[in-house]
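Architecture and fold: a report
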Amino acid sequence: GRLYMKAEYTCPTTFVRTVLWTDGTAEGLTNLLGSDYCPTPGGSTDPFEPAPPSVFDDVSDLPPRNQLWGLVFLSCVPMLTSAGLVLWKFRMPGMFFNLYCGFAVLVVTLFFIGTIERDAVEVFMKTFLTIYSAGALLAFTLTCLLREALPDLLESMQDWVIALTSLLLFVMIHIDLEVPSTDTAWPWVVYALT
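Bear in mind the structure is a predicted one, so any value in this text is a computation, not a measurement. (Residues numbered from 1 in each chain as written. Predicted model: local features only at pLDDT ≥ 70, side-chain atom pairs only at ≥ 80, totals over all residues. Heavy atoms only, no water.)

Looking at the overall build of the protein
Of regular secondary structure, the protein possesses five helices and three strands. Start at the N end of the protein and walk to the C end: the helices and strands fall as β-β-β-α-α-α-α-α. By residue count, 30% of the 194 residues in the protein fall in the buried class. Of the contacts made within the protein by residues no fewer than 6 positions apart, 51% connect residues no fewer than 24 positions apart. (Helix = DSSP H or I, 4+ residues; strand = E, 2+ residues; numbered from the N terminus. Buried < 20%, exposed > 50% of the residue type's maximum accessible area, 1.4 Å probe, protein only. Contact = heavy atoms within 4.5 Å.)

A word on helix α2 (residues 95-114)
Under the 1.5 Å per step criterion, the end-to-end length of α2 is 29 Å for 20 residues, consistent within 8% with the ideal 28 Å. Every buried residue of α2 is accounted for by Met 95, Phe 96, Tyr 100, Gly 102, Ala 104, Leu 106, Val 108, Thr 109, Phe 111, Phe 112 and Ile 113. The inward-facing, buried residues of α2 contact α1 (65-90), α3 (118-146) and α4 (152-177). (Expected span 1.5 Å × (residues − 1).)

Quick notes on a nonpolar patch on the surface
The grouping of Trp 69, Phe 73, Leu 74, Val 77 and Leu 110 at the surface amounts to a nonpolar patch, some 520 Å² of accessible area in total. Position of Val 77 among the secondary structure elements: in helix α1. (Patch = residues over 30% accessible without salt bridge, like charges linked within 9 Å, V, L, I, M, F, W, Y side chains within 5 Å. Areas by Shrake-Rupley, 256 points an atom, 1.4 Å probe, with all protein chains shown as cover. Salt bridge = Lys/Arg side-chain N within 4 Å of Asp/Glu carboxyl O.)

Thoughts on the environment of Leu 164
As for its position among the elements, Leu 164 is in helix α4. For the pair Leu 164 and Tyr 100, spaced 64 residues apart in sequence, the C-alpha to C-alpha distance is 8.4 Å. Contact partners of Leu 164, with chain neighbours within four places excluded, come to Phe 96, Phe 97 and Tyr 100.

As for the packing of aromatic side chains
Within the structure shown, the criterion is met by nine aromatic pairs. Geometrically, the ring pair formed by Tyr 100 and Tyr 132 is stacked, given 4.7 Å between the ring centres and 15 degrees between the ring planes. Highlighted residues: Tyr 100 in helix α2 and Tyr 132 in helix α3, separated in sequence by 32 residues. A single burial state applies to Tyr 100 and to Tyr 132, both of which are buried. Measuring from ring centre to ring centre gives 6.2 Å for Phe 111 and Phe 112, while their planes differ by 50 degrees; the resulting arrangement is tilted. (Phe/Tyr/Trp six-rings, centres within 6.5 Å; stacked < 30°, edge-to-face > 60°.)

Remarks on the pairing of strand β2 (residues 15-22)
Pairing geometry for strand β1 (residues 3-10) and β2, over eight bridges, is antiparallel. Looking across to β2, one finds that Met 5 is bridged to Leu 20. Where β2 lies against strand β3 (residues 30-31), two bridges are found, and the strand directions are antiparallel. When the bridges of β3 are listed, Trp 21 appears paired with Thr 30. (Pairing = 2+ DSSP bridges.)

Quick notes on the pattern of salt bridges
According to the stated counting rule, one finds one salt bridge in the structure shown. One salt bridge connects Glu 122 with Lys 126, and the closest N-O pair in it is separated by 3.6 Å. Linking Glu 122 with Lys 126, this pair stays in helix α3, spanning four residues, or about one helical turn. Residue classification places Lys 126 among the partly exposed residues on the basis of a relative accessible area of 24%.

Some remarks on the environment of Cys 144
Residue position: Cys 144 is located in helix α3. The exposure class assigned to Cys 144 is partly exposed, which follows from its relative accessible area of 24%. When the C-alpha atoms of Cys 144 and Glu 155 are compared, they prove to be 8.8 Å apart, with 11 residues separating the residues in sequence. Sequence-distant contacts of Cys 144, that is, excluding residues within four places in its chain, are made with Leu 150 and Gln 158.

Things to note about the packing of α1 against α2
Running from amino to carboxyl end, α1 crosses α2 at an angle of 160 degrees, the nearest separation of the two axes being 9 Å. Taken together, the axis directions place α1 and α2 in an arrangement best described as roughly antiparallel. Every pair of crossing elements has a handedness; the one defined by α1 and α2 is left-handed. In this structure, α1 uses Arg 65, Leu 68, Trp 69, Leu 71, Val 72, Cys 76, Met 79, Leu 80, Ala 83, Gly 84, Val 86 and Leu 87 to contact α2, whose residues at the interface are Met 95, Asn 98, Leu 99, Gly 102, Phe 103, Val 105, Leu 106, Thr 109, Leu 110, Phe 112, Ile 113 and Gly 114. (Axes fitted to C-alpha atoms, helices over the stretch in contact; angles between N-to-C directions. Parallel < 35°, antiparallel > 145°, perpendicular 65-115°, else oblique. Left-handed = near helix turned anticlockwise from the far one by under 90°.)

Now the structure itself:
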């Protein structure tokens with residue numbers, strides 16, 4: 001039998017991706033592009049030579065951008081559209097779950113498409129999810145307080161909105177303040193006041 005594997009190697013001006021196959025021995029290792037394939041003369045044909053540094057090294061474990069765009073247009077947008085239509089046409093309050101989570105996934109995916117900094121991911125996730133959950137809960141609470149009578153759809157959505165936004169905010173407050181694992185006093189004071 002043969003073993004096939006993906007490999008990458010560097011040439012002086014480019015980076016080559018190929019497929020290797022072997023019969024199980026080092027001598028039987030064959031590059032399917034040809035043993036001396038390199039787009040520029042004099043380049044390395046060693047498939048095990050490390051790749052050149054890239055600005056995307058920090059997020060190399062993220063899916064490629066084309067897969068993320070596919071997630072946006074083939075998953076997030078259709079799901080948000082269909083959930084919105086079902087919520088509007090059939091008055092099904094449970095669709096709020098799809099809209100709430102789907103919008104968060106859409107924003108996070110767009111962030112991953114635009115970022116090249118690994119350190120920025122954690123800060124963004126904490127900031128966005130905290131503001132998103134607090135903002136949604138605040139907006140719905142103010143709507144309920146300022147209107148004498150809510151439309152039937154909003155009235156039926158109350159359980160979903162309050163449960164989801166409160167749960168996410170509860171989790172995010174614990175993550176942001178590092179409660180209960182912190183020994184510092186100020187996070188506990190903030191936690192007690194929230």
